[in-house]
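One letter stands for each residue in the lines below.
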Amino acid sequence: MLKSLFSIPLSLKIFILSLGFWVIPVPINAEQPTVIPYDTEGGTEDTKPGATRLIPGDKKSGKQNRRPGSPVTPGNIDGGTEDTKPGATRDQCFTSENIKPLTALIPKSEKQLELTISPHPSLLIYFPPSEAQTADFVIYNNNTNQLVYKITLNLPKTGGILMITLAKNSPELQTEIPYRWTVQVNCPGSNPPFIQGLIQRNIPTPELTQKLAETPTNQHWLIYSKAGIWHDAIANLAEQLRQNPNDPQLKQSWQKLLNEVELNLIVNEPLI
């Protein structure tokens, strides 16, 4: 037997030996998992604000579940978009050639948080003459991003200063919590003008409470102003001026208050 093996030609020996190294592939039916990017810090396109993100669903039905994106609100607390700057227009929304900006009547400072002691405070906003008929006003809890209040405002074409007061049947602002508010003009186009800021309700000190009790109501705005309670100060004075538009003393106080906080550009605009 061994002798016959040595008599086999060399080429045939190589063929027989190579059979021992052949590997026959066996198919493996393994389901590959779907990979979905989920970078919560930098984010991908599906994790950016306003986007919806597909997540693995029911394998049996083959359906995918949809995770809704976060509520989208303007993010620039410092002063809105180009629409809010003097002379800017967008989508033929504002009608005046020398337009004054959409403006919140708050002090112009680096501090964006303004105070109130009212559970349902008022904010004053100047709206330029506009073709827009409405604007949306919303308030969110700045800590939880929960919607607290929303209302649609009717705008006059002539423009003016509008006082926005939270309805008495709406949830009260909690004390010591910042709230983010936004006013957006409903103009045609994809980039409507808006402004926003922060407001916080504080508990009045015993000294402030005593001063208010000792002072006539028509002078409360001055007490609030000295105490740094801005929203209540300007709202109190604005309401008096709206009821008595020809009172020279109220006009003088109004001009002085707005000039002190660099709002002289709109000091002569009508209260509507």
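Residues numbered from 1 in each chain as written. Predicted model: local features only at pLDDT ≥ 70, side-chain atom pairs only at ≥ 80, totals over all residues. Heavy atoms only, no water.

Novice: Honestly, the overall build of the chain in this entry has me stumped. Any pointers?
Specialist: Helices and strands together make up the secondary structure of the chain, namely six helices and 10 strands. Scored against the burial criterion, the 272 residues of the chain give a buried share of 39%. Partitioning the contacts of the chain with sequence separation of at least 6, the portion at a separation of at least 24 is 59%. (Helix = DSSP H or I, 4+ residues; strand = E, 2+ residues; numbered from the N terminus. Buried < 20%, exposed > 50% of the residue type's maximum accessible area, 1.4 Å probe, protein only. Contact = heavy atoms within 4.5 Å.)

Novice: Before we go on, may I ask you to explain the state of the cysteines in this structure?
Specialist: By definition, a disulfide links two cysteine residues through a covalent bond between their sulfur atoms. Under the definition given, this model contains one disulfide. At a sulfur-sulfur separation of 1.7 Å, the disulfide partner of Cys-93 is Cys-187. Separated by 94 residues along the polypeptide, Cys-93 in the loop between strand 2 (65-67) and strand 3 (103-104) and Cys-187 in the loop between strand 9 (178-185) and strand 10 (194-201) bring together distant segments of the chain. The buried category is assigned to Cys-187, whose relative accessible area is 9%. (Disulfide = S-S within 2.5 Å.)

Novice: Explain the packing of aromatic side chains to me, please; I cannot follow it from the model alone.
Specialist: Two measures describe an aromatic ring pair: the distance that separates the ring centres and the angle between the ring planes. Following the criterion strictly, the structure yields one aromatic pair and no others. Each ring, one from Phe-137 and one from Tyr-149, has its centre 6.3 Å from the other, and the planes form 65°; the classification is edge-to-face. Here Phe-137 is found in strand 6 (residues 134-141), whereas its partner Tyr-149 is found in strand 7 (residues 147-154), with 12 residues between them in sequence. The exposure class of Tyr-149 is buried, given its relative accessible area of 10%. (Phe/Tyr/Trp six-rings, centres within 6.5 Å; stacked < 30°, edge-to-face > 60°.)

Novice: Help me understand the confidence of the model for the chain in this model?
Specialist: Reading fine detail from the predicted coordinates is not recommended where pLDDT is low. Considering every residue of the chain, the mean pLDDT works out to 75; 64% of them sit at 70 or more. This model gives residues 1-6 a pLDDT under 50, and the stretch forms two contacts once residues within four places in sequence are excluded. A low-confidence stretch, residues 16-91 (pLDDT under 50), is modelled with 85 contacts involving residues beyond four sequence positions or located in other chains. (pLDDT = per-residue confidence, 0-100.)

Novice: Explain the nonpolar core here, please?
Specialist: Most often, soluble globular proteins keep nonpolar side chains buried together rather than apart. Within the largest apolar cluster, 49 residues are counted, with the highest numbers of intra-cluster contacts made by Leu-105, Leu-124, Ile-125, Phe-127, Phe-137, Trp-181 and Trp-254. For this core, the elements supplying multiple residues, two or more each, are strand 5 (122-127), strand 6, strand 7, strand 8 (160-165), strand 9, strand 10, helix 5 (230-243) and helix 6 (248-260). No other element matches helix 5, which puts six residues into this core. Discounting chain neighbours no more than four positions away, the residues touching Leu-105 are Leu-124, Ile-125, Tyr-126, Ile-161, Trp-230, Ile-234, Trp-254, Leu-258, Leu-263 and Ile-266. With eight residues, the next largest nonpolar core counts Leu-115, Leu-208, Tyr-224 and Ile-229 among its residues. (Core = buried A, V, L, I, M, F, W, Y, C linked by side-chain atoms within 4.5 Å.)

Novice: Where do I start with the environment of Tyr-224 in this structure?
Specialist: Note on placement: Tyr-224 falls in helix 4 (residues 220-227). Tyr-224 gets classed as buried once you look at its relative accessible area, which sits at 12%. Taking the C-alpha atoms as reference points, Tyr-224 and Leu-212, separated by 12 residues in sequence, lie 8.6 Å from one another. Not counting chain neighbours up to four residues away, the residues in contact with Tyr-224 comprise Ile-117, Leu-212, Ile-229, Asp-232 and Ala-233.

Novice: I keep staring at the sheet that holds strand 4 (residues 113-116) and nothing clicks. Help me out?
Specialist: Sheet strands line up and pair through hydrogen bonds in the backbone, either parallel or antiparallel. If you trace the five strands from one edge of the open sheet to the other, you get 4-10-9-6-7, paired in mixed fashion. Two strands bound the open sheet, and with one partner strand each, they are strand 4 and strand 7. This sheet shows a mean twist of 25° between the axes of neighbouring strands, independent of strand direction. Pairing geometry for strand 6 and strand 9, over seven bridges, is antiparallel. Counted as the bridge partner of Asp-136 is Gln-184 from strand 9. The sheet contacts of helix 5 involve strand 4 and strand 10, and relative to strand 4 the element is tilted by about 65°. (Pairing = 2+ DSSP bridges. Axes fitted to C-alpha atoms, helices over the stretch in contact; angles between N-to-C directions.)

Novice: Would you mind going over the sheet that holds strand 5 with me for this structure?
Specialist: Sheet architecture is open: three strands sit in the order 3-5-8, paired in antiparallel fashion. Only two strands of the sheet have a single neighbouring strand rather than two, namely strand 3 and strand 8. For strand 3 and strand 5, the ladder comprises two bridges, and the chain directions are antiparallel. Paired with Ala-104 across the two strands is Ile-125, which belongs to strand 5. Strands in contact with helix 5 are strand 5 and strand 8; relative to strand 5, the strand with the most contacts, it is inclined by about 65°.

Novice: What is the right way to read the pattern of salt bridges from this model?
Specialist: A pair can form between side chains of opposite charge whenever their charged atoms are brought close. On inspection of all chains with the given rule, the structure shows three salt bridges. In this structure, Lys-100 engages Glu-269 in a salt bridge whose closest nitrogen and oxygen atoms are separated by 2.6 Å. With a gap of 169 residues between them, Lys-100 in the loop between strand 2 and strand 3 and Glu-269 in the segment after helix 6 connect regions that are remote in the sequence. By relative accessible area, which is 26% here, Lys-100 ends up partly exposed. Note on Glu-269: relative accessible area 18%, which makes it buried. The closest approach of N and O atoms between Arg-201 and Glu-172, which form a salt bridge, is 3.8 Å. (Salt bridge = Lys/Arg side-chain N within 4 Å of Asp/Glu carboxyl O.)

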